[in-house]
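Breakdown of the fold
Take a look at the letters that make up each chain.
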Amino acid sequence: MIFLVEPLLFLQAVKTLIVDSIRLENFRNYKDIELNFCDGINIFQGLNGQGKTNLLESIYICSVGKSFRTSKDIEMINHEKEYFTVNVGIKNDATDKIFIRYDRQKQKAIAVNGIFLRKSGQLMGALLCVLFCPEDLLILSDGPSRRRRFLDIAISQLNPLYYYNLQQYTKLTAQKNVQLKQIKKNPKQKDVLFVWNEQIAEYGSKIIAERIKFIDVLKDLANESHAYISEYKEQLVLEYENTIELNEYDERHIKETYIKTLEKIMQREIEREVSLIGPHRDDISFRLNDLELKKYGSQGQKRTAVLSLKIAEIEIMKKNTGRIPILLLDDVMSELDKKRQEALLSYVKGVQTFITCVDSESFDQLKDTQNYIFNISDGAVSKL
Ligand SMILES: Nc1ncnc2c1ncn2[C@@H]1O[C@H](COP(=O)(O)OP(=O)(O)OP(=O)(O)O)[C@@H](O)[C@H]1O
Ligand SMILES: [Mg+2]
């Protein structure tokens, strides 16, 4: 295992992102708070329902522009208020501050280093972050859309153009579905489908090519990490599952095959009134010691696999951007056994980490005087 015990010497070449301050106004159960964070581990402890995850969520939206808990931004505005704002200060990077404001008229404003963005997608990559929360287990047990979402967020942070292509693809697919309905009623219009298919294949092939490239690197790193945590008893194998049968993986070949396959299934798409193949239908398969993880894996094995995915994601960000992302761990410690907790914490030594837990006392490894511990109670935060 090389990277889990990576010496700090190696890290000198890369920049470690540090969120050193945050200010929240009317964000969920926070009225107005201002906090400073340490470069190492920041622990948010408190009873259930006090605002620990809310605080992680406020940091997360500065990275991805959206919450990991809801697609409705309005839920993040304090019930009694008209808007929320989040301000984070960042050290060690070209981005030194991010500001987000959202109001009940659904106006969202995002500024990076004081400059307002035209589109929220432009935020991608400004603050790299990896989140690990209990719902991430659903990456393995839920349907394919959650796995695609994992991929899409991870790749978009590395490559904002990917996010743009994905938006175009999603828009085009929705428009094509409307056309398919009309063509079913009026088959004479069928020829317009060639135009839609050409455009869809243009964007779709870029997305597939990027995903395959990403998985190719992810699978080795995730397997390496999983093997380490399981003391080399388990082998994790990931694979991208294409709805288009491909022999080669360069973008041009993917596009040609994509168009041909779309032509072959045109009639079926018209009958079903929906786009049947492409990135919106693709999936990732996970196998552990050659068995399908979703069906045969234990809870602990699944947790380890997801943890390994996240560690692999950090490694890819580090290699591709020369920057070490921040790490957000929501309720994760209590779900791992002692050995896995240790493996995780030894890994995060060079990563600024935010951890929520009900009681930090139960985690010996967290008792380091350099860590900051914050008590959270009903939206009030005090540093111990
Ligand atoms: N828009 C909002 N306005 C005001 N309060 C809110 C809003 N959204 C959520 N809350 C409150 O925030 C609290 C939940 O916060 P959070 O999810 O951060 O809890 P937690 O400390 O992570 O708890 P747990 O340990 O159970 O995970 C609840 O009391 C909820 O009522
Ligand atoms: Mg919580």
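Residues numbered from 1 in each chain as written. Chains lettered and ligands numbered in written order. Predicted model: local features only at pLDDT ≥ 70, side-chain atom pairs only at ≥ 80, totals over all residues. Heavy atoms only, no water.

This brings us to the overall build of the protein. Tallying secondary structure elements over the protein gives eleven helices and 17 strands in all. Over its C-alpha atoms the protein spans a radius of gyration of 22 Å, differing by no more than 12% from the 21 Å that the globule rule assigns to 384 residues. Taking the principal axes of its C-alpha atoms as reference, the protein extends roughly 70 × 55 × 40 Å. Split into buried and exposed, the 384 residues of the protein put 55% on the buried side. When contacts within the protein are restricted to residue pairs at least 6 apart in sequence, long-range pairs at least 24 apart make up 72% of them. (Helix = DSSP H or I, 4+ residues; strand = E, 2+ residues; numbered from the N terminus. Rg over C-alpha atoms; globule rule 2.2 N^0.38 Å. Buried < 20%, exposed > 50% of the residue type's maximum accessible area, 1.4 Å probe, protein only. Contact = heavy atoms within 4.5 Å.)

A few words now on the site of ligand 1. Not every one of the 16 residues close to ligand 1 is listed here, only the nearest: Gly-49, Lys-52, Thr-53, Asn-54 and Ile-77. Arg-69 is positioned such that a nitrogen or oxygen atom in its side chain is 3.1 Å from an oxygen atom of ligand 1. Between a nitrogen atom of ligand 1 and a main-chain N or O atom of Glu-75, the distance comes to 2.9 Å. Burial of ligand 1 by the surrounding chains reaches 73%, relative to a free accessible area of 660 Å². (Near = heavy atom within 4 Å. Polar contact = N/O pair within 3.5 Å; in protein donor to acceptor, adjacent residues only side chain to side chain. Areas by Shrake-Rupley, 256 points an atom, 1.4 Å probe, with all protein chains shown as cover.)

Right, let's talk about the sheet that holds strand 12 (residues 291–292) for a bit. Strand order across the open sheet formed by three strands is 10-11-12, with antiparallel pairing between neighbours. Both edges of this open sheet fall to strand 10 (236–241) and strand 12, since each of them pairs with a single strand only. One ladder, built from six bridges, connects strand 10 with strand 11 (residues 283–288); its direction is antiparallel. Across the sheet, Leu-236 pairs through a bridge with Leu-288, a residue of strand 11. This element, helix 4 (residues 144–158), spans strand 10 and strand 11 of the sheet and lies at about 100° to strand 11. (Pairing = 2+ DSSP bridges. Axes fitted to C-alpha atoms, helices over the stretch in contact; angles between N-to-C directions.)

Moving on to the pattern of salt bridges. Summed over the entire model, instances satisfying the criterion amount to 27 salt bridges. One salt bridge connects Lys-31 with Glu-80, and the closest N-O pair in it is separated by 3.7 Å. A residue pair is termed long-range when its members are at least 10 positions apart, and Lys-31 in strand 3 (residues 30–36) and Glu-80 in the loop between helix 2 (52–64) and strand 5 (83–91) qualify at 49 residues. Among the salt bridges present, the one from Lys-184 reaches Glu-273, with a minimum N-O distance of 3.3 Å. Placement of the pair is Lys-184 in helix 5 (residues 160–185) and Glu-273 in the loop between helix 8 (266–272) and strand 11, with a sequence separation of 89 residues. Judged by its relative accessible area of 41%, Lys-184 is partly exposed. Taking relative accessible area as the criterion, Glu-273 reaches 25% and is therefore assigned partly exposed. Connected through shared salt-bridge partners, Glu-198, Glu-202, Lys-206, Glu-251 and Lys-255 make up one network. (Salt bridge = Lys/Arg side-chain N within 4 Å of Asp/Glu carboxyl O.)

We now examine the sheet that holds strand 14 (residues 326–330). Pairing is mixed in the open sheet, where six strands are placed in the order 9-14-15-4-16-17. Of all the strands in the sheet, the pair left with one neighbour each is strand 9 (129–132) and strand 17 (380–383). Averaged over all pairs of adjacent strands, the angle between strand axes in this sheet comes to 20°, irrespective of strand direction. Note that strand 9 and strand 14 share four bridges and pair parallel. Counted as the bridge partner of Phe-132 is Leu-329 from strand 14.

For any pair of aromatic rings, the description consists of the separation of the ring centres together with the inter-plane angle of the planes. Taken as a whole and judged by the stated rule, the model has ten aromatic pairs. Ring plane angle 35° and centroid distance 6.2 Å describe the contact between Phe-84 and Tyr-102, whose orientation is recorded as tilted. Of this pair, Phe-84 sits in strand 5 while Tyr-102 is found in strand 6 (residues 97–103), placing the two residues 18 residues apart along the sequence. Note on accessibility: Phe-84 and Tyr-102 belong to one class, buried. By the ring-pair criterion, three or more aromatic residues cluster together here, those being Phe-37, Phe-44, Phe-354, Tyr-372 and Phe-374. Looking at Arg-101, its charged tip hangs above the ring of Tyr-83, at a distance of 4.3 Å from the centre. One Lys or Arg, Lys-383, reaches over the ring of Tyr-372 and ends 4.2 Å from the middle of that ring. (Phe/Tyr/Trp six-rings, centres within 6.5 Å; stacked < 30°, edge-to-face > 60°. Lys NZ or Arg CZ within 6 Å of the ring centre and 35° of its normal.)

This part covers the domain arrangement of the protein. Taken as a whole, the protein is organised into domain 1 (16–128 + 323–384) and domain 2 (142–319). Considering only the side of domain 1, the residues that lose the most area to domain 2 are Met-124, Arg-340 and Tyr-347, jointly responsible for 32% of the buried surface there. At the junction of domain 1 and domain 2, the tally comes to one salt bridge. Close ionic contact of Glu-231 with Lys-339 constitutes a salt bridge, the shortest N to O distance being 3.1 Å. Summed over the shared surface of domain 1 and domain 2, the number is two residue pairs in polar contact (both at pLDDT 80 or more). Elements with a contribution of two residues or more to the side of domain 1 that touches domain 2: helix 2, strand 13 (323–324) and helix 11 (338–347). (Domains from an automatic or database assignment. Buried area = accessible area lost by both parts, 1.4 Å probe.)

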